[in-house]
Amino acid sequence: MIAIPRRRISDYYGDLKSLASLTVVVFLWASMSLVALGLVYRYGTKTLPQNDEVWALYDSGPGIHIDWLWKTWAEHRIPLAKLIWKGVLQLTNYDFRAGNFLTVLGLSATAGLMLWTGNKIRGRTILADAFFPLAILNVGQAQVFLWWWQVNHVLAPILATVLLSVVVVRSDQLRLADVRWIGIALIILVLCGPGGLPYVAVFAAWLVVRTAAKWRSFSPQKRQQAIWVFMPTLIALALMDFYFMNYTPYFPVNDPPSIPPWPPPAGMRGSAIAGLQVLGVSLGLATKPYAELCGLAVFALGLATTAILIRRAFKYSNEQWRTLGLMLFLAAAAVLVSVIARSRAGMGLDYIYQGHYSVVVMPALCCMYLVWEIQGGVVGRLVQFGLVAAIAVLFPFNLLAAIQIGRDLRQETAAFEHDVRNGIPASVLAERHFASDAVPRAEKLAVILKDHKAHRIGIFKEIRDDPSPRIEKVDVAGAILDRVVWHEGIASLTAQSGPAGSLTWKLTYPRYVYAIRIYYAYRRATNLWPTLRTYWRNSATEDFNDAAAFFTTVAGPDQATWGLIDGKIHTDAKLRTIRKLTVWVDTTIDEFRLYPDSAPCEVRFSSIELLEPAS
């Protein structure tokens with residue numbers, strides 16, 4: 001007879017409960033992946049390089065060169081990120097959205113690895129494991145999903161999370177072959193840049209201590225083998241030392257590019273606040289109103305987790321290597337957050353909450369979750385479900401923030417594509433879409449756009465060549481005033497003027513005009529962000545209308561904003577300097593009209609020029 005083991009009803013119930021949990025968690029993982037991919041599909045830009053990407057494309061030149069890969073970018077060497085970033089762009093004819101899909105898929109795979117890790121150490125999946133897809137694919141990191149250059153922040157956290165899985169699952173049964181693979185991972189982490197360096201240091205230390213402790217138990221043959229398998233780790237350490245050789249920060253947006261544009265460090269208190277903000281943004285952009293409070297909660301959880309690990313180190317000697325590895329892992333994450341906080345504290349909350357640092361703390365959050373799983377008990381489970389609840393409650397608010405970022409990007413992309421395909425040349429595109437108060441180098445940006453056109457990069461090959469115009473100055477004081485007071489070059493709108501207060505210039509005869517160039521400065525503005533509206537027409541055939549108009553909104557003289565002053569970015573600058581605005585007309589006109597703003601203000605018009613055909 002064959003003995004059939006008898007099972008209790010509770011056993012079947014446990015199996016069904018485990019299967020139900022697995023189904024729910026896997027469904028959530030798939031859903032979060034689809035939501036992130038949907039954000040990229042709907043809002044990701046195919047054509048518009050964002051921020052650093054404009055300069056990085058110019059700096060790289062045609063093709064991919066080793067000297068460019070190793071060259072610093074800001075304070076960082078990020079050769080692997082540069083290689084992947086530029087390689088994907090070249091393979092996809094400079095489709096920036098293709099890289100965004102890869103970012104999401106990489107983070108999705110990382111979430112899957114963490115789900116496997118939790119299942120491996122527990123033997124089953126529980127509902128609390130929904131934390132991994134919710135945290136790793138957090139829609140509150142929309143900047144990470146929608147900006148391909150973010151690959152330089154994503155690579156190190158993904159690889160660090162892989163090493164976290166190794167520590168949790170295999171650390172106490174680590175084979176020499178595993179040491180070799182960890183060493184190879186450390187080499188790759190060095191190439192990932194600053195986000196990987198702390199993990200290289202701590203994992204190398206972990207392997208050295210572990211190997212030294214077991215050295216006496218090795219046979220001569222095994223000792224020789226250990227030396228060989230340890231070589232990749234030694235190479236990683238040597239490469240990390242080489243990382244800082246001839247180290248010179250490089251800031252291409254500056255002139256000269258060796259001068260860092262960041263504000264000076266904000267001191268210990270400012271750095272501590274910035275550190276809490278970095279921890280807070282790891283839960284998503286929705287935490288911005290309570291950034292320091294949320295960061296303090298993450299910090300407190302980190303301290304409690306460290307205390308648990310210290311206690312286990314003394315209590316469970318059979319888990320010493322895993323415990324030590326997890327402690328060092330959290331230490332690496334803490335060092336990384338501290339360095340970011342110290343170097344970026346002067347940039348302020350808005351900079352940190354752009355969201356590009358969201359992914360940096362992700363490995364540490366996963367580590368904390370797994371430590372409380374190892375700890376077990378009611379408290380451990382409560383902590384895990386508390387983490388899930390916090391991320392889940394924030395999800396709808398993070399999604400709204402992500403959608404807003406996506407809409408803004410889609411609007412910027414549509415405006416850029418519209419201008420390119422309507423024949424606006426590089427000099428005006430540079431001023432309109434890429435220059436800012438923080439990066440005011442429109443002339444240099446125009447050179448960059450022309451270089452992209454010459455190299456036939458993406459949509460830039462469609463950019464119209466700049467004409468060679470002659471410049472005719474307009475008599476600024478010759479304007480026809482409508483509800484505007486004019487005094488010594490200053491146009492004033494009063495409360496009685498209303499939004500219709502305007503200045504109109506009539507030309508002596510209809511002429512073809514490429515552009516109207518206006519030099520102006522707001523001396524006083526009721527609106528913190530005043531809008532200058534420019535209209536033009538040929539009075540014989542048309543009235544003024546929005547089809548022949550351009551609006552520009554800038555920071556008023558009393559609005560603190562980001563601005564470059566004496567080579568340094570200031571986050572609270574109040575800009576009162578002369579601005580240059582080039583309004584592309586490209587038609588025959590005999591009148592143009594300016595509306596300084598819709599509210600009382602004072603504007604100095606120092607010069608107005610017409611750019612006309614040379615002949």
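Structural data are supplied above this passage.
This one's a predicted model, so the numbers in the text were calculated from it and none came from an experiment.

Peer 1: Any chance you could explain the overall build of the chain here in plain terms?
Peer 2: Along the chain, the regular secondary structure elements total 20 helices and 11 strands. Across its three principal axes, the chain shows a C-alpha extent of roughly 110 × 55 × 50 Å. Relative to its full complement of 615 residues, the chain shows a buried share of 52%. By sequence separation, contacts in the chain at least 24 residues apart represent 77% of the contacts at least 6 residues apart. Total accessible area computed for the chain in this model is approximately 27,900 Å², and 61% of it derives from carbon and sulfur atoms.

Peer 1: Which parts of the structure should I look at to understand the packing of aromatic side chains?
Peer 2: Each pair of aromatic rings is reported with the distance of its centres and the angle of its planes. Across all of its chains, the model carries 27 aromatic pairs by this definition. Relative to Trp584, the ring of Tyr514 lies with its centre 5.9 Å away and its plane at 10°, an arrangement referred to as stacked. Here Trp584 lies in strand E10 (residues 579–595) and Tyr514 lies in strand E5 (residues 502–525), a separation of 70 residues in the sequence. Taken individually, Tyr514 and Trp584 each receive the classification buried, so the pair is uniform in this respect. Centroid distance Tyr535 to Tyr595: 5.6 Å. Interplanar angle 80°. Geometry classified as edge-to-face. With Tyr535 in strand E6 (residues 531–537) and Tyr595 in strand E10, this residue pair connects regions lying 60 residues apart in the sequence. With respect to burial, Tyr535 and Tyr595 carry one shared label: buried. An aromatic cluster of three or more residues is present, and its members are Trp68, Trp73, Trp85, Trp149 and Tyr250. Directly above the ring of Tyr250 sits Lys71, whose terminal nitrogen or CZ lies 4.1 Å from the centroid.

Peer 1: Teacher, can you tell me more about the side chain of Thr103 here?
Peer 2: You can see Thr103 is positioned in helix H5 (residues 96–122). By relative accessible area, Thr103 is classed as buried at 3%. Every residue in contact with Thr103, bar those within four places of it in the chain, is listed here: Val144, Trp148 and Val154.

Peer 1: Just checking my understanding: could you explain the pattern of salt bridges for this structure?
Peer 2: Pairing is possible between side chains of opposite charge, provided their charged atoms come close. The tally for this structure, following the rule as stated, stands at 30 salt bridges. Of the charged contacts, one joins Arg381 and Glu373 as a salt bridge, the two residues approaching to 2.7 Å between their closest N and O atoms. Judged by relative accessible area, which is 26%, Arg381 ranks as partly exposed. A salt bridge links Lys580 to Glu443; the shortest N-O distance between them is 3.3 Å. Remark: Glu443 occurs in helix H20 (residues 442–454) and Lys580 occurs in strand E10; sequence separation between them is 137 residues.

Peer 1: What am I meant to see in the side chain of Ser607 here?
Peer 2: Note on placement: Ser607 falls in strand E11 (residues 601–613). Not counting residues within four places of it along the chain, the set of residues in contact with Ser607 comprises Lys473, Val476, Arg517, Ile518 and Tyr519.

Peer 1: I keep staring at the packing of helix H9 (residues 176–191) against helix H12 (residues 231–243) and nothing clicks. Help me out?
Peer 2: Helix-helix packing is described using two parameters, namely the angle between the two axes and the distance between the axes. Two elements in contact, H9 and H12, have axes whose closest approach is 7 Å; the angle formed by their N-to-C orientations is 15°. Considering the angle they form, H9 stands roughly parallel to H12. The hand of the H9/H12 crossing is left-handed. Between H9 and H12, the contacting residues are Val179, Arg180, Gly183, Ile184, Leu186, Ile187, Val190 and Leu191 on the first element and Pro232, Thr233, Ile235, Ala236, Leu239, Met240 and Tyr243 on the second. Residue classes in the contact of H9 with H12 are distributed as 12 nonpolar, two polar and one charged.

Peer 1: Honestly, a nonpolar patch on the surface in this entry has me stumped. Any pointers?
Peer 2: On the surface, Trp228, Met231, Leu234, Ile235 and Leu237 cluster together into a nonpolar patch covering about 480 Å² of accessible area. Among the elements that take part in the nonpolar patch, H12 stands out by supplying four residues, more than any other. Tracing the backbone shows Met231 in helix H12.

Peer 1: In this structure, what is going on with the state of the cysteines? I would like to understand it.
Peer 2: Disulfides are covalent bonds that link the sulfur atoms of two cysteine residues. For the structure on display, the rule yields zero disulfides. Cysteine Cys192 is unpaired, with the sulfur of Cys366 as its nearest cysteine sulfur at 17 Å. Under the relative-accessibility criterion, Cys192 is labelled buried at 2%. Of the cysteine sulfurs around Cys366, a residue in no disulfide, the closest is that of Cys367, at 8.8 Å. The exposure class assigned to Cys366 is buried, which follows from its relative accessible area of 0%.

Peer 1: Any chance you could explain unusual backbone geometry here in plain terms?
Peer 2: Trans peptide bonds make up the majority, and among non-glycine residues the majority have a negative phi. Between Asp255 and the following residue, Pro256, the backbone shows a cis peptide bond with an omega angle of 0°. With respect to the helices, strands and loops of the structure, Pro256 is situated in the loop between H12 and helix H13 (267–281). Even without being glycine, Asn93 reaches a positive phi, approximately 55°. Counting through the fold element by element, Asn93 comes out in the loop between helix H4 (79–91) and H5. Residue class for Asn93 comes out partly exposed when judged on its relative accessible area of 49%.

Peer 1: Even after reading the chapter, I still don't get the environment of Ala204, so can you show me in this structure?
Peer 2: Looking at the element boundaries, Ala204 is found in helix H10 (residues 197–214). Given a relative accessible area of 2%, Ala204 falls into the buried group. Among all residues touching Ala204, those that are not within four sequence positions of it are Leu186, Thr233 and Leu237.

Peer 1: Would you mind showing me how to read the packing of H10 against H12 here?
Peer 2: Relative to each other, H10 and H12 sit at 145°, their axes nearing to 10 Å. Along this stretch, H10 crosses H12, giving a crossing that reads as left-handed. The segment H10 lies against H12, with Leu197, Val200, Ala201, Ala204 and Leu207 engaging Thr233, Ala236, Leu237, Met240 and Tyr243. Of the residues that constitute the contact of H10 with H12, the class distribution is nine nonpolar, one polar and no charged.

Rules and cut-offs
- Residues numbered from 1 in each chain as written.
- Predicted model: local features only at pLDDT ≥ 70, side-chain atom pairs only at ≥ 80, totals over all residues.
- Heavy atoms only, no water.
- Helix = DSSP H or I, 4+ residues; strand = E, 2+ residues; numbered from the N terminus.
- Buried < 20%, exposed > 50% of the residue type's maximum accessible area, 1.4 Å probe, protein only.
- Contact = heavy atoms within 4.5 Å.
- Areas by Shrake-Rupley, 256 points an atom, 1.4 Å probe, with all protein chains shown as cover.
- Phe/Tyr/Trp six-rings, centres within 6.5 Å; stacked < 30°, edge-to-face > 60°.
- Lys NZ or Arg CZ within 6 Å of the ring centre and 35° of its normal.
- Salt bridge = Lys/Arg side-chain N within 4 Å of Asp/Glu carboxyl O.
- Axes fitted to C-alpha atoms, helices over the stretch in contact; angles between N-to-C directions.
- Parallel < 35°, antiparallel > 145°, perpendicular 65-115°, else oblique.
- Left-handed = near helix turned anticlockwise from the far one by under 90°.
- Nonpolar A, V, L, I, M, F, W, Y, C, P; charged D, E, K, R; others polar.
- Patch = residues over 30% accessible without salt bridge, like charges linked within 9 Å, V, L, I, M, F, W, Y side chains within 5 Å.
- Disulfide = S-S within 2.5 Å.

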